[in-house]
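Architecture and fold: a report
Now for the letters of each chain:
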Amino acid sequence: MPSEENLVTVIFSMNLVDHIDRSKLPRHLAVIMDGNGRWAKKQGFFRSFGHENGTEAVHEVVEACAELPIPFLTLYAFSTENWNRPKSEVKTLMKLLVSSLKKEINTLQKNKIRLNAIGNLEALPKKAYQELMDVMEQTKSNPHMTLTLALSYGAREEITKTIKEISVKVKNNLISPSDIDESVINNHLYTRDLPDVDLLIRTSGEQRISNFLLWQIAYAELYFTDTLWPDYRKDHLFEAILDYQNRERRFGKTSEQLNP
Ligand code: IPE
Ligand code: IPE
Ligand code: MG
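This is a predicted model, so every value here is computed, not measured.

Okay, the nonpolar core next. Counting 48 residues, the largest nonpolar core has Leu73 and Leu132 as its most contacted members. At 8 residues, helix 4 (residues 87-110) tops the list of elements feeding residues into this core. Once residues within four sequence positions are removed from consideration, leucine 73 is found in contact with His28, Leu29, Val31, Val61, Val62, Cys65, Met145, Thr146, Leu147 and Thr148. In this structure, Ile118, Tyr190, Ile209 and Ala220 belong to the second largest nonpolar core, which totals 15 residues.

By the definition in use, this model includes 17 salt bridges. A salt bridge links lysine 161 to glutamate 165; the shortest N-O distance between them is 3.0 Å. Here lysine 161 and its partner glutamate 165 are both found in helix 6 (residues 155-171), 4 residues apart, which amounts to about one turn of the helix. Looking at lysine 161, the relative accessible area reads 21%, which means it is partly exposed. It is possible to trace a salt-bridge network through shared partners that takes in Asp34, Arg38, Arg202, Glu206 and Arg208.

Here is what the cut-offs are and how they apply
- Residues numbered from 1 in each chain as written.
- Chains lettered and ligands numbered in written order.
- Predicted model: local features only at pLDDT ≥ 70, side-chain atom pairs only at ≥ 80, totals over all residues.
- Heavy atoms only, no water.
- Core = buried A, V, L, I, M, F, W, Y, C linked by side-chain atoms within 4.5 Å.
- Buried < 20%, exposed > 50% of the residue type's maximum accessible area, 1.4 Å probe, protein only.
- Helix = DSSP H or I, 4+ residues; strand = E, 2+ residues; numbered from the N terminus.
- Contact = heavy atoms within 4.5 Å.
- Salt bridge = Lys/Arg side-chain N within 4 Å of Asp/Glu carboxyl O.

Taken by themselves, the reported measurements are silent on function.
Written as structure tokens, this is what we have:
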């Protein structure tokens, strides 16, 4: 039996990841990757330098999720509102999307990760759209994990599209209004193949949702950190998961009901 002092030493010399309970991992993790611009400006560089350095954080988080494993990871990469940024910044981001897809295809194949995308993808520049479709096709049978990129994504646009599609079905007598329930709505969202989000992380100190997955985060645990996205590493993610594992998800019930 180790002494109390020895035990403390053992615990503190363990890696953060060793403290994670593998039986209580979030099934679906979603991340609002924010703070690239501020990271670059703090160092006197252009915003694009922050976006370039953000790709390393993406690589780390994808690998960490594959290792744990977390079977569904969704990354907010470009919002419908981000189209309103300066043209040159949008161009940089789209170029970076193409180069990252080319670079990371090996990581996806090595870890058996399927690439998926949600959003108004047709709005993407042709080259980005083609590369995306190409990598999705190449990885479509990978069974270990689903990585979803939210691109030209806005939750209000998604919900509007869903209502339109269901309305057309009602008009054509394919479905009756009384049959519309939560699962019908779910099945018309971009995320129809994904489970609800369990944990939502936002970096950079902002505490808002910015039109991300409004329906799907109804019962997600929210985690905000001041770390700017380009600084985000595996241990930051492990910290967030440890915090998540200390929460009691009650889904409307009482604590006593959950722990009789
Ligand atoms: C996140 O970083 C990347 C995208 C939104 C595409 P930002 O570019 O929003 O960085 P800040 O928030 O201005 O620092
Ligand atoms: C949200 O970040 C979108 C992405 C991370 C892709 P923003 O930086 O665009 O969010 P707001 O506009 O500050 O809320
Ligand atoms: Mg931002």
